[in-house]
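Residues per chain, in single letters:
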Amino acid sequence: MALLQIAEPGQAAAPHQHKLAAGIDLGTTNSLVAAVRSGQAETLPDEQGRHLLPSVVRYTADHVETGHVASAQATRDPLNTIASAKRLIGRAVSDIKSLGKGLPYEFVQTDSSVPRIHTMAGDVSPIEVSAEILKVLARRAEDTLGGELSGVVITVPAYFDDAQRQATKDAARLAGLHVFRLLNEPTAAAVAYGLDRGADGVHAIFDLGGGTFDISILRLNKGVFEVLSTGGDSALGGDDFDQAVAEWIMQQAGIADDAEHKVLRQLMQDARHAKEALSDAESVDLDIAIPGGGRWRGRLDRDTFNALVDPLIRKTINACRRALRDAGVDVEEIQDVVMVGGSTRMPRVREKVGEFFRQPPLVDIDPDRVVALGAAIQADVLAGNKPDDEILLLDVTPLSLGLETMGGLVEKLIPRNTTIPVARAQEFTTFKDGQTAMVVHVVQGEREMAEHCRSLARFELRGIPPMVAGAARIRVTFAVDADGLLNVEAEELSQGVKASVTVKPSYGLSDEEITGMLQASFEHAEEDLEERRLAEARVEGMRVVEALQAALAKDGEALLNAEERERIDTALQQLVEAIEVDDAGVIDTQAKHVEKVCEFYVERRMNTGIQEAMAGHNVNEFE
Amino acid sequence: MGISLTETAAERVRSFLDNRGKGVGVRLAVKTSGCSGMAYVIEFVDELDEENDVVFEDHGVKLVVDKKSLLYLDGTEVDFGREGLNEGFKFNNPNAKASCGCGESFTV
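Conventions and cut-offs
- Residues numbered from 1 in each chain as written.
- Chains lettered and ligands numbered in written order.
- Predicted model: local features only at pLDDT ≥ 70, side-chain atom pairs only at ≥ 80, totals over all residues.
- Heavy atoms only, no water.
- Helix = DSSP H or I, 4+ residues; strand = E, 2+ residues; numbered from the N terminus.
- Buried < 20%, exposed > 50% of the residue type's maximum accessible area, 1.4 Å probe, protein only.
- Areas by Shrake-Rupley, 256 points an atom, 1.4 Å probe, with all protein chains shown as cover.
- pLDDT = per-residue confidence, 0-100.
- Pairing = 2+ DSSP bridges.
- Axes fitted to C-alpha atoms, helices over the stretch in contact; angles between N-to-C directions.
- Contact = heavy atoms within 4.5 Å.
- Parallel < 35°, antiparallel > 145°, perpendicular 65-115°, else oblique.
- Left-handed = near helix turned anticlockwise from the far one by under 90°.
- Core = buried A, V, L, I, M, F, W, Y, C linked by side-chain atoms within 4.5 Å.

A. Summary view of the overall build of chain B. Counting its regular elements, chain B contains two helices and nine strands. Beginning at the N terminus, the succession of helices and strands in chain B can be written as β-α-β-β-β-β-α-β-β-β-β. Residue burial in chain B is summarised as follows: out of 108 residues, 48% are buried. Surface exposure of chain B reaches about 5,200 Å², of which carbon and sulfur atoms provide 45%.

B. Quick peek at the confidence of the model for chain B. In this model, chain B carries a mean pLDDT of 81, and residues with pLDDT of at least 70 account for 82%. Among the scores for the predicted complex, ipTM is 0.78 and pTM is 0.63.

C. The sheet that holds strand β7 (residues 81-83) of chain A, seen in detail. Residue and element names in this part refer to chain A. Reading across from one edge, β6-β5-β7 is the order of the three strands in this open sheet, with antiparallel pairing throughout. At either end of the open sheet lies a strand with only one pairing partner, and these are β6 (64-66) and β7. On average, each strand axis in the sheet is tilted by 20° relative to the strand beside it, whichever way the strands run. Relative to β6, strand β5 (residues 56-59) runs antiparallel, the two being bridged by three bridges. Within the sheet, the bridge partner assigned to R58 lies in β6 and is E65. Sitting on the sheet, helix α3 (residues 126-145) is in contact with β5, β6 and β7, with an inclination near 110° to β5.

D. Region of the structure containing the environment of A:R173. Within the fold, A:R173 resides in helix α4 (residues 162-174). Taking the relative accessible area as the measure of exposure, A:R173 reaches 51% and is therefore exposed.

E. Local environment of the packing of α3(A) against α4(A). All names here are of chain A. Taken N-terminus to C-terminus, the directions of α3 and α4 make an angle of 55°; their axes are 8 Å apart at the nearest point. Here α3 is positioned oblique relative to α4, judged by the angle of their axes. Crossing angle aside, the handedness with which α3 passes α4 is right-handed. On α4, the residues that touch I127, E128, S130, A131, L134 and K135 of α3 are A167, D170, A171, A172 and L174.

F. Local environment of the nonpolar core. All names here are of chain A. Counting 49 residues, the largest nonpolar core has F206, I215, I217, L300, I334 and F357 as the members making the most contacts within it. By residue number, the principal contributor to this core is helix α8 (residues 302-327), which donates ten residues. Look past the residues within four positions of F357 in its chain and what remains in contact with it is A204, I215, C320, L324, V331, I334 and V337. Counting 39 residues, the second largest nonpolar core, distinct from the first, contains V57, A131, F160 and A171.

Set out below in structure tokens:
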């Protein structure tokens, strides 16, 4: 007997035609899967009734373990047990070196830009590790919902760049899943609270998990969430709070810092239990075994605990302040504060966040599950299980996308905060006579010069028919799909030759960097303007030089006497030298000077040109 | 005769309705599709069709059935059950003579 779910009026699907969909919160420490059933979003537990799946995969010689089983072996078999793959996904080997110093894995040296970890089962990439986690969650959803999933929504941090998003999609594909779309985690949390159906306004999403802290400022504008700013600390979370408590216990009980690893781990567990107990109780009694015999008994009250954790909470509040400043909004403008992540259960965190934002934060939905629930609601809409009048949530590009033009300048095709999917095209032309190839350098960022932006991809369009400079027409199209992935295509319009690129995993970008990039564009606004002027003057100067040299080569001998030729050559030489100098004014002046010196020459060329054109024709033909 | 539901099923329906925030009850119906002739439908009800609907009440839940479906459903008891990880509503229909393997559709 099939088990049926209650459908919305008129929405009951034909048998065997249910569109099953799930939302997946693919987390650094834990992952979750949720689905909408009988109009209600809920996270789905496994056979043992556990909702959270530790994001840990262990590779043995003959099989792969995932979740609780794998995480139980983490300390015994650290090299083959991969945790926190999310920190590595979509990153280049060079990034991993700087961020992976705390990671115990053996990274394999490869030519490809994707890092691989050596395990007993062979070398695996972070994408494959994530795929294993997705597979387990998808299977759980299919068992629970009683059928195959038509698609999933997977959440990613708001600061994930194109490479990290692409890598996450690749992981889903590897797991055999159809991805309806990737959704920003803070956006998913806002959806779970139904903020997308409320009035337009600015919301803050405070996400304090086990090992990471993220603050996002979102603006809802006509059903579209824009990410105004993100901030946080990728190494601050509940574990640090446990650590603070553990250190206090060690101090009180007289346990040395260099105690055995096993003792320290037990202490961390005791500390966590104490922390969790203090969410409800005013004080907690501790009974700790001291290494070498004996026990220590003591009491930790809430005031002492608060004093221990306040420095950590202050860090999160400072990040909130910075995020607000980056977003350019005042604290009074924040309509709602959504709490995400298990560590926001701590009353002290709620209190301080409430104090800072001057309003009680939203805590009704389980903070561990809120992101997955929002993803499930989106997945349900995208699967087509909702009436048409439900608006579809849209996302925006976090940074501007553009390409490098002559002189290292950036031409922005898609400005930041453009709603996606989006496609924009612009025509470009050649700089030199007879130019047959053009390099398209795709960059991301807010600065005026390409070297200050992030390089995403570089490709060449070949086969442009030789023409004079400026005659060729090359259309460059930037298309960002609903998942935030960028496809760039360049087409020469007369011959139809094309070249394109899809941005694939290459480099990573941390949340600090992304906010840093935004910040830098404001801080450097003036010098950027100066640089742009200089670069433009240079490009213009070089264009004059190129054109004049081409002309001189063609008819300089015929039209100029030695003295005239020398005057022009001198002016030209002065301009070439001026271009080397970092002063836009000097270049402009010299370029004007060359034009003035050459006036008679240009006139002479025109006359000759007309004479040539008219040669052999009757004057009447031109009337 | 009529339509009834078990205590467990009633509890679930009440909680789903509460969560949804609107709706007067649930509609039970059959439609002619599926691999074995007829298929069950269970939906939330926002508005009654005064002319064609028959309303039963059991365990404080309004069960709405249109007159045509009632011919196929009379005597049915709706239960809420669990099979492994999956859970949902079941129709125990005395009229069904055969149902397809999955039980989503049936013949009378």
